[in-house]
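# Overview (structure and organization)
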Amino acid sequence: MPSLARTLPEEQPTQQKAVLRVEDLHTWFEVRRMGFFKAGDVRALDGASFELYAGETISIVGESGCGKSTLAKTILGINHITKGSIFFDDEDLSTLDKEGWKRYRSNIGYIQQDPYGALPPFMTVKRILEEPMKINGVRDKAEQTRRIRQVLEEVKLAPIEDFLPKFPHMLSGGQQQRLVIARAMVLEPKMLIADEPVSMLDASVRVEILQLLQALQRRHNLAILYITHDLSTVRYFSERIFAMYGGKIIEKSSTAALLEQPLHPYTAALFEATSDPDAENLKTFKDVPAGEPPSLMNPPPGCRFHPRCRKMIKGLCDVQIPPEFWVQEDHAAACWLYKDEV
Amino acid sequence: MSTRDKKIVLDVQNLKLYFRTQAGPVQAVDDVSFQLRAGHTLAVVGESGCGKTSLAKAILRLLPRNISTYTGSIIFDGQDIMKYDDEKFRREIRWHNIASVPQASMNSLNPVIRIEDQLVEPLLIHERISRQQARTRVAEVFEIVGLPVDFLQRYPFELSGGMRQRAIIAMALASNPKLIVLDEPSSALDLLSQANLMNVLKRVKQQTDATFILITHDIGTASELADEIAVMYAGKMVEYSSAQYFYTDAHHPYSQKLMASVPTLREDKELEFIPGQPPSLINPPTGCRFAERCEKRFEKCSMQPDTTYLENGSTVQCWLFEETGEVKHA
C-alpha cells in the first residue's frame, strides 16, 4: 500500500461529525434564447451527495466540463443551488441569513487555480491579507498583525518584513500561490476548497505547495476538497477520490482501493491516459475511448458515458441511469457492470 | 535497432539567442549544442523560463525584434541554415522542411475560413502545387491524424479542442517536412484527448519516419514519444540523454531533482521539490547555473562546466562527471 496515501482512522466515517454534507446537489444554468425565451438548462452538476470530515482530503478528478468546479463554486455560494442541500456543521445553507453567510464564508478558504489572476495587482501583500479580516470583523490591529505573521510563517514566506510591502507581480508563481493559501488561511477556516491549486505551477514547485497544504491540514485539522484533472498528484494528497463525468459523481473510493483497481470504465480510461515517465511508453499505444464528453444541455439517456463506453450493455446503460453500487466497503461506482456484485 | 546508422538531420552547435532588454541582455538560449538523428524524437524538458521555447524559435528563426545575439551554427540536412538570408530561409526551410506547431496553436485557426482552405494555403505557397493536388494531400494527412475527411468542410468552431489540435498537426505534416517542432502540443487538452493525440503522433512517427522536437514541461507525456531527452535549465542544455536511460538514471543533479518531483500514478515514491528559484537570465552566475540550488556543489562549480560525454552516450554539463566521463572542450 502506498505510504503517503493515508487511510481514514477506523471510527471516522460513522462517528465523527461531517464538516460538510452535500445531499443530492444540482446546479443548473439556464440558457436563454434572444435574452428572453428559455432555451433549456445546462446541467453542470446533476446530483451529488457526499460527506467531508475534518482532517480529510477528498480529491475530485475529471476533465474540463465535468462539473467539478461547479461543485466547488456551489459549495462556496458563488453559484445558486438548483436542487438539493448543503450542510456545514449541520447547518443548512439555505436557512442562513446574510450574517450567517458571512460566518459560513469565513469558515471556508478558497484557493484558486491561477494565483496571479486571483491576487489584486494593486494591493501589497499586507493589504491582501488584511482585507478578509476587515470584511469579516477582525478589527483589532494587534490581532490582525498576529494573524498575518502567523499565516505568512505557516506558508513559509520569510522573512516576513520583506514580503509585506511587495506587490503580487514581484513574487514568483510559487510564492504567489503561497500567498493565496495564506489569504485563505487568515480567517482560520475549518475547510479549504482548492480548485486546481498546482496546475499552473512547475513540477518542482508543485510538490512544495502540496506538501504545504498537507502540513496546514495536519496542524489545523482542516477538511480539504481538492479539485484536479491530474490523477498523478492525488495519491500523495488524499484519503478519498471521487471521479466526475458529465455532471455526476461516477466513482467514489478510498485512494488505496482506487489505485488498486478503478471500477468505472471512465475512471479506468483516465488511469490509462495518465503517463508515468517510463521508456516502455514509447512502444505501446494507449487504449482510450474516442469521442467527447456529452452536451450537458441534452445529456444522453441512461449512463452519460455510454456512447463512449466499450462495455456498454444494450437496453440498460442507454436507458436507465445507474445508481451507486457499493462493490467494496470503501469503493462505489455508478455503473451497471457492478449490479450483481453488491 | 541501431541508432548510430541513421543520418543526422539536425546538428546544432553553440547556439546562442539573447534578447535585448532595458536591464541588459537576457541569455534565453546560451551555448546549446546537440544532434538529432532522422526519425528520432527529441523531447526538450524543463521548467518555465528555461529557454525551451526560445530554442524552438531559434531553430525556426521565428524571432522577435529585440534580438541582441543570435549566433552559432544549425546544420540542417547538411546545410548550415544560419548562413541563409531571411528570404532563402523562408522559401527553402520554414514550413517546407521544418514545420512547427506553436503553443496553443489550435486556437490560431481562422474562425471564418473552412479548415480545408486553411490547410491548403501553406501548400500553395510553399510547395507550389495546384489546388487540386493540395486538396488530395490534405485529405491524406487528415486520415493520418485520424480525422474524418468530411471534417475538412467544417469551420474551426465545429471541432473540439483535440480535433483542432490534430488538424493543426495535419497542417504541419502536409508539406512532408523533415523536422517538426511541437511546442506543448497537448498541454491545453484534456487527459483523454491528450492520450489520443499522443497515439496519433506515435502513429505518424511510425508511418512517416518524421523527426520531431517535442517541447514540454510534462515528462510523463514526453515519455510517450521521446527517443532522446534534453533537459534545459536557465538557458543551458544541462543534459542530453537517450530516453532509455533518462527516467531511471538521470545524471545531472538538476535532472535527478526534476525526476524526483514528478508525481507518479502507478508507483509510490517520496516526492521532492527543489528549493529556491532559477537564476535571472540577465545576469546569470558565471559558474554552473544550478550551483546555488545544488546539494552536491563544490568549489569547481563556480566555473561553467564543460560538456562531458558519458559511456552510455549521454552528455552532461556538470563537474561531478569530469573524471568518469570523457570531456571534450568546445
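Just so we're clear, the structure is a prediction, and the values are computed from it rather than from any experiment.

Before going further, it helps to examine the interface of chain A and chain B. Contacts between the two partners involve 42 residues from chain A and, on the opposite side, 43 residues from chain B. Summed over both partners, the interface of chain A with chain B comes to about 3900 Å²; 55% of that surface belongs to carbon and sulfur atoms. If you sort the residues of chain A by the area they bury against chain B, A:Pro277, A:Leu282 and A:Phe285 come out on top, with a joint share of 17%. One can count 21 residue pairs in polar contact (both at pLDDT 80 or more) joining chain A with chain B. Taken together, the elements giving at least two residues each to the side of chain A that touches chain B come down to α9 (203–220), α10 (231–234) and α12 (265–273) of chain A. Take the side of chain A that touches chain B: its biggest share by element is six residues, from α12(A). Along the lines of polarity and charge, the residues of the side of chain A that touches chain B split into 19 nonpolar, 13 polar and 10 charged.

Position of A:Glu196 among the secondary structure elements: in the loop between β7 (191–195) and α9. Those residues in contact with A:Glu196, other than ones at most four positions away along the chain, are A:Lys68, A:Gln113, A:Ile227, A:Thr228 and A:His229.

A separate point is a nonpolar patch on the surface. Residues A:Met34, A:Phe36 and A:Phe37 make up a contiguous nonpolar surface patch of roughly 420 Å² in combined accessible area. Turning to its location among the elements, A:Met34 is positioned in the loop between β1 (18–33) and β2 (37–53).

Residues and elements named next belong to chain B. Judged by pairing direction, the sheet is antiparallel, and its four strands sit side by side in the order β2-β1-β4-β5 without closing on themselves. Looking along the sheet, the strands with just one partner apiece sit at the ends: β2 (26–37) and β5 (79–80). Where strand β4 (residues 67–76) and β5 come together, two bridges link them in antiparallel fashion. Bridge assignment links Phe76 to a residue of β5, and that residue is Gln79.

Rules used throughout
- Residues numbered from 1 in each chain as written.
- Chains lettered and ligands numbered in written order.
- Predicted model: local features only at pLDDT ≥ 70, side-chain atom pairs only at ≥ 80, totals over all residues.
- Heavy atoms only, no water.
- Contact = heavy atoms within 4.5 Å.
- Buried area = accessible area lost by both parts, 1.4 Å probe.
- Polar contact = N/O pair within 3.5 Å; in protein donor to acceptor, adjacent residues only side chain to side chain.
- Helix = DSSP H or I, 4+ residues; strand = E, 2+ residues; numbered from the N terminus.
- Nonpolar A, V, L, I, M, F, W, Y, C, P; charged D, E, K, R; others polar.
- Patch = residues over 30% accessible without salt bridge, like charges linked within 9 Å, V, L, I, M, F, W, Y side chains within 5 Å.
- Areas by Shrake-Rupley, 256 points an atom, 1.4 Å probe, with all protein chains shown as cover.
- Salt bridge = Lys/Arg side-chain N within 4 Å of Asp/Glu carboxyl O.
- Pairing = 2+ DSSP bridges.

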